[in-house]
Amino acid sequence: MYVYESHLGGVYATDDVRDCDDTYCDTCGDSDWLIGVIETPEELRELMKDYSQEYTEEVIKGIFN
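Counting restarts for each chain, with residues numbered from 1 along the sequence as it is written. Only residues with pLDDT of 70 or above have their local features reported here, since the model is predicted, and side-chain atom pairs are shown and tallied only from 80 upward, although totals for entire chains, interfaces and linings are computed over all residues. For the side-chain quantities, the full set of heavy atoms in the structure was used; hydrogens and water were omitted.

Student: Help me understand the packing of aromatic side chains in this model?
Tutor: Aromatic ring pairs are described here by two measures, namely the spacing of the ring centres and the angle between the planes. To pair, rings of Phe, Tyr and Trp, with the six-membered ring standing in for Trp, must have centres within 6.5 Å; the planes then decide the type, stacked if under 30 degrees apart, edge-to-face if over 60, and tilted in the middle. Using the criterion set out here, one finds two aromatic pairs in the structure. Judged by centre distance (5.5 Å) and plane angle (15°), the rings of Tyr4 and Tyr12 are stacked. Burial classes: relative accessible area under 20% of the type maximum marks a residue as buried, over 50% as exposed, and values in between as partly exposed (1.4 Å probe, protein chains only). Relative accessible area serves as the criterion here: at 3%, Tyr4 is assigned to the buried category. Seen in terms of ring centroids, Tyr51 and Tyr55 are 5.9 Å apart; in terms of plane orientation they differ by 40°. Their pairing is tilted.

Printed below as a string of structure tokens:
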């Protein structure tokens, strides 16, 4: 899975890499950022080590459940 940080805040994952046009916001001119590629919850925890543990676990539940 490809993990992105949204330009509006938050983290989400997709099964396929997103094209630059898909991550660009016409309204504000900002983009979402690819922050890593993961396969397991443990890899996501490592990728999100700068986020709070509570938020990381919430994202993991949303992606892996």
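Student: Would you mind going over the sheet that holds strand S1 (residues 2–5) with me for this structure?
Tutor: Sheets are built from strands that pair by backbone hydrogen bonding, the pairs being arranged parallel or antiparallel. The pairing criterion is simple: DSSP has to find at least two bridges between the two strands. Only DSSP runs of H or I with at least four residues qualify as helices, and only runs of E with at least two residues qualify as strands; both kinds are numbered from the N terminus onward. Read across the sheet, three strands follow the order S2-S1-S3 without closing on themselves; strand pairing throughout is antiparallel. Looking at strand neighbours, the two that pair on one side only are strand S2 (11–14) and strand S3 (33–37), the edges of this open sheet. The average angle at which neighbouring strand axes cross in this sheet is 30°, direction not considered. Bridge analysis of S1 against S3 gives four bridges, and the strand direction is antiparallel. In the strand pairing of S3, Glu5 is matched with Trp33. Convention adopted: a line fitted to C-alpha atoms gives each axis, helices being fitted over their contacting stretch, and angles between N-to-C directions are expressed from 0 to 180 degrees.

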